[in-house]
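Architecture at a glance
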Amino acid sequence: MIELLSSPWPWYVSGPLIGLFVPTLLLLTGKRFGVSASLRHICAAAVPGEIEYFNYDWKGKGLWNLTMALGIFIGGIIAAQVLSGSESVAISNATVEDLTALGLTTFEGLVPVQLISWESLLSPAGFIVIVLGGFLIGFGARYAGGCTSGHAITGIANLELGSLVAVIGFFIGGLIITFFLYPFLL
Amino acid sequence: MTSDTHAGSLAQGSQEKGASENGSTAQGARRTGYIIYLLIGLVFGIVLVKSQAVSWFRIQEMFRFQSFHMYGIIGSAVAVAALSLFLIKKMKLTSASGEPLIIEPKEFEGGKSQMFGGIIFGAGWALLGACPGPIFALIGTGTLVLLVALLSAVTGAWMYGLMRPFLPQ
């Protein structure tokens, strides 16, 4: 069993499983599935200041979400320690070729150490990927009112027009970076 | 006012009220309540890692349209979630307190915030190769430099809160 679980899970297993979190959370707790609100709750708990957006009862509204985020972190530990979760990823040859042509040399692990590691953090490319990337994710997710889980999965499944607009936005932003910034970054 | 509307906040509120009225046993129930979120997150984290949706490589592959993998994951997740929500609505399931189990749609108001915010988020997603869920999961796998990305993401969320009155919504 552990052996079976330790090989990478194909999309037709992992995708439906991810989809089931929406009804599971709704049925058991009445909550809307989504992760990025946790970023807001952290702000509200740590440095709300005088900002209206962060002055609310974060424990009442957000503790469940922060607890779920903690669970995701623990799930990451289990996946890596017990289920060989940090093995290299078998991406398509076309992607390997494209990224090699751009100057990427490392393809081991879940993330490229050339860009995402403590050593890369102070290089221009690593700083842009980690620090600017993280910043845009937090800013954009809150501006859009959700991230991949809240909009692309829950919102679209709930037939929300706003979520469709958000996902179109995700791809516009992602494609601009992929095809217009990465050629200069790597 | 807030863009996060939780369908269950009403039901949750009455539950918590009941908890304080019933004293110690209800407090225990409240604690088990939070264990549910921990377990749901835990399983979600495992699925995120084992599906490789946490991998920067997979996200690059997706934005280059060179594999079906991420589209298969998101597409089948949406299909299963949509079908489940449809069935829950059809069966008219209600929460313990009798509220109908539906997901309250988020505010729309023309879609400007979703479009602008979406583009900014997408840019960050292509750079870091991880969205908020995978950030937490990757830290768990031992990619500890993602702690810096998490701090940046929190800073980004904070800056949004600060600039919110001046942004087109």
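Within each chain, residue numbers correspond to sequence positions counted from 1 in written order. Naming scheme: in the order in which they are written, chains are lettered from A and ligands are numbered from 1. Totals for whole chains, interfaces and linings use all residues, but because this is a predicted model, local features are given only for residues with pLDDT of at least 70 and pairs of side-chain atoms are given and counted only at 80 or more. Here the side-chain values reflect all heavy atoms present in the structure, with hydrogen atoms and water set aside.

In terms of helices and strands, chain B carries seven helices and zero strands. Along its sequence from the N terminus, chain B presents helices and strands in the succession α-α-α-α-α-α-α. Buried means the residue's accessible area, taken with a 1.4 Å probe over protein chains only, is under 20% of the maximum for its type, while exposed means over 50%, and partly exposed covers the values in between. Taking all 169 residues of chain B together, the buried fraction comes to 55%. Considering only contacts in chain B between residues 6 or more positions apart, those separated by 24 or more positions represent 48%. Counting only carbon and sulfur atoms, one obtains 68% of the accessible surface of chain B, whose full area is about 7300 Å². A run of DSSP states H or I qualifies as a helix once it reaches four residues; a run of E qualifies as a strand once it reaches two. Both are numbered from the N-terminal end. Note on definitions: a residue-residue contact is assigned when non-hydrogen atoms from the two residues lie within 4.5 Å. Surface exposure here means Shrake-Rupley accessible area, sampled with a 1.4 Å probe, where a residue is shielded only by the protein chains that are shown.

In this section: the layout of surface pockets. Quantified by volume, the second largest pocket comes out at close to 230 Å³. Within this scheme a cavity is a closed region of a 1 Å grid, computed over the protein atoms alone, that accommodates a 1.4 Å probe without allowing it to escape, whereas a pocket is open but has protein on both sides within 12 Å along at least five of seven lines; lining residues each have an atom within 4 Å of a point. Along the walls of the second largest pocket sit 14 residues, with A157(A), N158(A), L85(B), F86(B) and K89(B) positioned nearest its centre. Take the lining of the second largest pocket: its biggest share by element is six residues, from helix α4 (residues 69-90) of chain B. Of the residues assigned to the lining of the second largest pocket, the class counts are 11 nonpolar, one polar and two charged. Grid points are joined across faces, edges and corners, and a volume is the space filled by probe spheres set on the points. Just so you know the grouping, Ala, Val, Leu, Ile, Met, Phe, Trp, Tyr, Cys and Pro go in nonpolar, Asp, Glu, Lys and Arg go in charged, and all remaining residues, Gly too, go in polar.

Time to look at the nonpolar core. With 101 residues, the main nonpolar core has I116(A), Y182(A), W56(B), W125(B) and L146(B) as its most contacted residues. Residues contacting I116(A), with those up to four places away along its chain left out, are V111(A), V129(A), I130(A), W56(B), L128(B), V145(B) and L146(B). Buried Ala, Val, Leu, Ile, Met, Phe, Trp, Tyr and Cys residues form a nonpolar core when they are joined through side-chain atoms within 4.5 Å.

Here we come to the confidence of the model for chain B. Residues and elements named next belong to chain B. For every residue, the predictor states its confidence as a pLDDT score lying anywhere from 0 to 100. For chain B, mean pLDDT is 86; residues scoring 70 or higher make up 81% of the total. In the model, residues 1-29 has pLDDT below 50 throughout and makes 39 contacts with residues more than four positions away in sequence or in other chains. The complex prediction reports pTM at 0.90, with the ipTM value standing at 0.97.

Moving on, we get to the environment of N93(A). Tracing the chain through its elements places N93(A) in helix α5 (residues 93-102). Between the alpha carbons of N93(A) and T178(A) there is a distance of 17 Å; along the sequence they are 85 residues apart.

Just to be clear on terms, a salt bridge is a Lys or Arg side-chain nitrogen sitting within 4 Å of an Asp or Glu carboxyl oxygen. As enumerated under the stated definition, the model contains three salt bridges over all chains in all. Between D98(A) and R64(B) there is a salt bridge whose closest N-O contact spans 3.8 Å. Remark: R64(B) occurs in the loop between α3 (56-63) and α4 and D98(A) occurs in helix α5; the pair is interchain, linking two chains. A relative accessible area of 29% places D98(A) in the partly exposed class. On the accessibility criterion, R64(B) (9% relative accessible area) is buried.

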